[in-house]
Amino acid sequence: MDTLECIKTRRSIRKFTTEEVPRKNLEELLEIARWSPSYKNSQPWEAIILSGAKKKELSTILVGLLEDGKDNSPDLAYPTSWPERENTNIKNLMAKRMKLTGVDLGTPEMIFKAKKANFNFYFAPHAIYLFQDASLSEWSLFDIGLFAQSLMLAAHAKGLATVPQAFATDYAKEVKECLGIPASKRLILGLSIGYPDKESPLNAYRTERVETGKICRWME
Ligand SMILES: Cc1cc2nc3c(=O)[nH]c(=O)nc-3n(C[C@H](O)[C@H](O)[C@H](O)COP(=O)(O)O)c2cc1C
């Protein structure tokens, strides 16, 4: 697949087939993503790839914490408010989803349901966690974001699908304990990965973007 097409056609997938991805194919994605640029080539990224019983064990722990009503404590705090510009984009996304599915994603019941789906990694056969040393600067967050995008694009180019998940970091301490990640690291992102279920209506939705003219200015 052509690079430009890959960037434009990647999207978050939330329904996967049960088919496992061969380990060598997953390894290939990590091998590609590690060529991402980073501040002073510091390469502030580490990954754990989960499959099978271990993935199930973690999902059971996370769903259990949710059902027990445990407060979340992600290493990266969730935004509590948004500036008007970004808030408008979020509202547009919610409104479009509501129109298409009739589901209001803002209600506590739906948030609970959405979190449960996230903690089950949307029943994808594999999940990936990205993390880095907690003492790193904000630039390293930028870098690991580039790594995540490379990983998602590489997956898409190879016929695989992903969804990046902040929710998967809700119970960061417990995730790190389960995966043997030292407490000195910060958990940045979880991703589900597998083959896309192309028939599922859950994957039919395509998000929109603000036109180029509204996000940049030309100066001479
Ligand atoms: C940092 C980050 C965190 C996200 N967290 C979640 C999440 O917890 N659960 C989820 O289903 N999608 C999550 N998403 C996916 C976004 O909702 C999605 O990227 C956005 O709506 C644009 O859609 P697209 O990826 O299909 O282009 C996240 C995306 C990013 C970049």
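See above for the structure.
Residues numbered from 1 in each chain as written. Predicted model: local features only at pLDDT ≥ 70, side-chain atom pairs only at ≥ 80, totals over all residues.

Chemist: For this particular structure, what's the right way to read the site of the ligand?
Modeler: All residues adjacent to the ligand are Arg11, Ser12, Arg14, Leu93, Asn118, Val163, Pro164, Gln165, Ala166, Phe167, Leu189 and Thr207. Ranked by residue count, the leading element in the shell around the ligand is strand β3 (residues 161-165), at 3 residues. Of the residues that constitute the shell around the ligand, the class distribution is 6 nonpolar, 4 polar and 2 charged. (Near = placed C-beta within 6 Å. Helix = DSSP H or I, 4+ residues; strand = E, 2+ residues; numbered from the N terminus. Nonpolar A, V, L, I, M, F, W, Y, C, P; charged D, E, K, R; others polar.)

Chemist: Help me out: how do you make sense of unusual backbone geometry in this one?
Modeler: Note: most peptide bonds trans; most residues except glycine with negative phi. Positive phi is not limited to glycine here, since Asn41 has a value of about 55°. Tracing the sequence through the fold places Asn41 in the loop between α2 (23-33) and β1 (46-51). On the neighbour-count criterion, Asn41 (7 C-beta atoms within 10 Å) is exposed. Even without being a glycine, Gln43 presents a positive backbone phi close to 50°. Take Gln43: it is sitting in the loop between α2 and β1. Judged by local crowding, Gln43 falls into the partly exposed class, with 17 C-beta atoms found within 10 Å. (Buried ≥ 20, exposed ≤ 12 C-beta atoms within 10 Å, placed from the backbone.)

Chemist: What am I meant to see in the pairing of β3 here?
Modeler: Within a regular strand, side chains alternate between the sheet's two faces. Counting buried positions over the 5 residues of β3 gives 4, a clear majority of the element. Here β3 runs beside strand β4 (residues 185-194); their pairing, made up of 5 bridges, is antiparallel. If you follow Val163 over to β4, its bridge partner there is Ser192. (Pairing = 2+ DSSP bridges.)

Chemist: I keep staring at the sheet that holds β1 and nothing clicks. Help me out?
Modeler: Sheet strands pair via backbone hydrogen bonds, and the direction of the pair is either parallel or antiparallel. Read across the open sheet, the 4 strands follow the order β1-β2-β4-β3; overall the sheet is antiparallel. Each having just a single partner strand, β1 and β3 make up the two edges of the open sheet. The average undirected angle you get between the axes of adjacent strands in this sheet is 25°. Where helix α7 (residues 172-179) meets the sheet, its contacts fall on β1, β2 (126-133) and β4, and the angle it forms with β4 comes to roughly 75°. (Axes fitted to C-alpha atoms, helices over the stretch in contact; angles between N-to-C directions. Contact = placed C-beta atoms within 7 Å.)

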